[in-house]
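# What the coordinates show
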Amino acid sequence: MAKYKYTEYFEKEVLRKRPYLKKEWCIYAVENAVRSEPQEHNRYRFWAAIPDFGDRYLRVITLEDKVTIHNAFPDRGFKP
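Below you will find a few notes about this structure.

## Some details on the pairing of strand β2 (residues 35–39)
Across a regular strand the side chains alternate sides, sitting on one face of the sheet and then on the other. Direction of pairing for β2 relative to strand β3 (residues 43–50): antiparallel, over a ladder of five bridges. The residue of β3 that forms the bridge with Glu37 is Arg45.

Structure (C-alpha cells):
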C-alpha cells in the first residue's frame, strides 16, 4: 500500500471546510476508484462510492504522483 501524503491546502482548508471528511475515505477513493482521469495542472481525479458516507460518491484530487491528496468533496452530479 502506498503511503499517502496531504498538501497543506488539504490539511488546513479542505478539512476545515468539510469537517465530516475522513482521510481514510480519501485513500479508499484513490485505491477503489470506479473512475479516474487526468486533470489540468498535472493532477488526477478519482471517484468512489463511500460505504460509510451513505454510498455517496467522493471525488478526490491528487497531485501527479497519485499519492499526495490535494482536495476532496462529495460529487452529487457524478454518474458511474
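## Describing the packing of aromatic side chains
This structure, assessed with the given rule, holds five aromatic pairs. Judged by centre distance (5.8 Å) and plane angle (10°), the rings of Tyr20 and Phe53 are stacked. One end of the pair, Tyr20, is in the loop between α1 (8–17) and α2 (23–31); the other, Phe53, is in the loop between β3 and β4 (56–63), and 33 residues separate them in sequence. Residue Tyr20 is classed as partly exposed on the basis of its relative accessible area of 38%. Here the aromatic rings of Tyr57 and Phe78 are separated by 4.8 Å at their centres, their planes lie at 55°, and the arrangement is tilted. Taken together, the residues span a long stretch of sequence, with Tyr57 in strand β4 and Phe78 in the segment after β5 (68–74) at a distance of 21 residues.

## Section: the pairing of β5
Counted residue by residue, β5 has six buried out of seven residues, so it is predominantly covered. In this structure, strand β1 (residues 5–6) lies alongside β5, joined through two bridges in parallel fashion. From the neighbouring strand, Tyr6 faces β5, where its bridge partner is Ile69. Across five bridges, β4 lies against β5 in antiparallel orientation. Residue pairing across strands places Arg59 opposite Phe73, the latter belonging to β5. Counting the residues between successive antiparallel strands, the hairpin from β4 to β5 contains four residues, one of them, Lys66, with a positive phi of roughly 65°.

The rules behind these values
Counting of residues starts from 1 at the beginning of each chain's written sequence and follows it residue by residue. Whole-chain, interface and lining totals are the exception, using all residues; otherwise, since this is a predicted model, local features are given only for residues with pLDDT of at least 70 and side-chain atom pairs are given and counted only at 80 or more. With hydrogens and water set aside, each side-chain value is computed from the structure's full complement of heavy atoms. Strand pairing is assigned whenever DSSP identifies at least 2 bridges connecting the two strands. Put simply, DSSP H or I for four residues or longer makes a helix, DSSP E for two residues or longer makes a strand, and each gets a number counted from the N terminus. Between 30 and 60 degrees the pair is tilted, below 30 it is stacked and above 60 it is edge-to-face, where a pair is any two Phe, Tyr or Trp rings, Trp via its six-membered ring, whose centres lie within 6.5 Å. Partly exposed residues are those whose accessible area sits between 20% and 50% of the maximum for their type, while under 20% is buried and over 50% is exposed, using a 1.4 Å probe and protein chains only.

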